[in-house]
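Geometric and topological summary
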Amino acid sequence: MLLRATEHIPPEVDADFFPFVRRAFETVAMAKVSTSGKEAQKLGYMRSADRITINRDHLLYDTKMTVLDLAKENYRPAIPKKVRVLGEKGFALLQMGLFYMKEGDTSVPMTKHVSKKLAYVFSGGNLPDGTEVTEQYLLDLEREAFLSLCGEPKTEERIQHMLKTGKPLRN
């Protein structure tokens, strides 16, 4: 989602991309979910060009047809691009935003902890602002944050509660 938020800003343009990252961060930190493909596009989870299959029974078929079309066109993955990150200053700004957030119940200690990890990933970690990194670097940051959260007892409590009740636990 972070990559989609900034992908339309060419690297040679010196633009303030914090508003794009902040919007994506708030969407994820507040666990906003979509109820439709169109809403997923509006939230930034899908691109406007992404196909939407309304009938679940057609999902596998539509996916197969898309893959076959790509194969006919000799599809090749895009060349990996570098992404500019907000760095330490952006991390501080996102944390400040967490402090002032009214929605998303960031007053709960574990929610605050998870949101700080998200802010770290979205800002690109401990780097100077404007540093260009690879997509793989961001994926590695995300994986590191995810795995560290998986090892925490409060995460396990949240998972067990969700599986038992179908509702999130605010611990």
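One numbering rule holds for all chains: residues counted from 1, following each sequence as written. Since the coordinates come from a predicted model, pLDDT governs what is reported: local features require at least 70, and pairs of side-chain atoms require 80 or more to be given and counted, while whole-chain, interface and lining totals use all residues. To get the side-chain values, all heavy atoms of the structure are used, and hydrogens and water are removed first.

1. Thoughts on the overall build of the protein
- In terms of helices and strands, the protein carries eight helices and two strands.
- Secondary structure elements are taken from DSSP: a helix is a run of H or I of four residues or more, a strand is a run of E of two residues or more, and numbering for both begins at the N terminus. Secondary structure elements of the protein occur, N-terminal to C-terminal, as α-α-α-α-β-α-α-β-α-α.
- Evaluated residue by residue, the protein yields a buried proportion of 27% over its 171 residues.
- In what follows, residue pairs with any heavy atoms lying within 4.5 Å of each other are defined as contacts. For the protein, the share of sequence-separated contacts (at least 6 apart) that also reach a separation of at least 24 residues comes to 64%. We call a residue buried when its accessible area falls under 20% of the maximum for its residue type, exposed when it is over 50%, and partly exposed in between, using a 1.4 Å probe and counting protein chains only.

2. Considering the packing of helix H2 (residues 18-29) against helix H5 (residues 87-100)
- Under this scheme, a helix contributes an axis fitted over its contacting stretch, all axes are lines through C-alpha atoms, and angles between N-to-C directions fall in the 0 to 180 degree range. Following both chains from N to C, one finds H2 and H5 inclined at 45°, their axes separated by 11 Å at the closest point. Taken as axis vectors, H2 and H5 run oblique relative to one another. The hand of the H2/H5 crossing is right-handed. Of H5, the residues touching H2 (which contributes Phe 18, Arg 22 and Phe 25) are Gly 90, Leu 93, Leu 94 and Leu 98. When describing relative orientation, an angle under 35 degrees is termed roughly parallel and one over 145 degrees roughly antiparallel, while 65 to 115 degrees is termed roughly perpendicular and anything else oblique. Helix crossings get a hand from a simple test, with the near helix turned counterclockwise from the far one by less than a right angle marking a left-handed crossing and a clockwise turn marking a right-handed one.

3. A short note on helix H6 (residues 109-123)
- Along its 15 residues, H6 runs 21 Å from first to last C-alpha, staying within 8% of the 21 Å computed at 1.5 Å per residue.
- For H6, every residue scored as buried is listed here: Met 110, Thr 111, Ser 115, Ala 119, Val 121, Phe 122 and Ser 123. Residue count minus one, scaled by 1.5 Å, sets the expected span of a helix.

4. Notes on a nonpolar patch on the surface
- Here the term patch refers to residues with relative accessible area over 30% and no salt bridge, with like charges joined within 9 Å and nonpolar side chains (Val, Leu, Ile, Met, Phe, Trp, Tyr) within 5 Å. Each accessible area is a Shrake-Rupley estimate made with a 1.4 Å probe; only the visible protein chains count as cover when residues are assessed. Each reported salt bridge corresponds to a side-chain nitrogen of Lys or Arg within 4 Å of a carboxyl oxygen of Asp or Glu. Where nonpolar side chains cluster on the molecular surface, the patch consists of Leu 93, Met 96, Phe 99 and Tyr 100 and spans about 480 Å² of accessible area.
- Along the chain, the position of Tyr 100 falls in helix H5.

5. Here's the deal with the pattern of salt bridges
- Tallying each qualifying case throughout the model produces three salt bridges.
- One salt bridge in this structure joins Glu 26 and Arg 22, with 3.7 Å as the shortest N-O distance. With Glu 26 and Arg 22 both in helix H2, this residue pair falls four residues apart, about one helical turn.
- Judged by its relative accessible area of 29%, Glu 26 falls in the partly exposed class.
- Judged by its relative accessible area of 38%, Arg 22 falls in the partly exposed class.
- For the salt bridge of Asp 140 with Arg 143, the shortest nitrogen-to-oxygen distance reads 2.9 Å. One end of the pair, Asp 140, and the other, Arg 143, are both in helix H7 (residues 135-150), three residues apart, so they sit about a helical turn from each other.

6. As for the nonpolar core
- Formed by 14 residues in total, the largest nonpolar core has its most connected members in Val 21, Phe 25, Leu 86, Leu 94, Met 101, Ala 119 and Phe 122.
- Tallying contributions element by element places H2 first for this core, with five residues.
- Judged by nonpolar contacts, the second largest core, of eight residues, contains Val 85, Val 121, Val 133 and Leu 141. The definition of a nonpolar core used throughout is a set of buried Ala, Val, Leu, Ile, Met, Phe, Trp, Tyr and Cys residues joined through side-chain atoms within 4.5 Å.

7. A look at the side chain of Ser 123
- Along the polypeptide, Ser 123 turns up in helix H6.
- Owing to a relative accessible area of 0%, Ser 123 belongs among the buried residues under this scheme.

Function-wise, these values are silent; they only describe arrangement.
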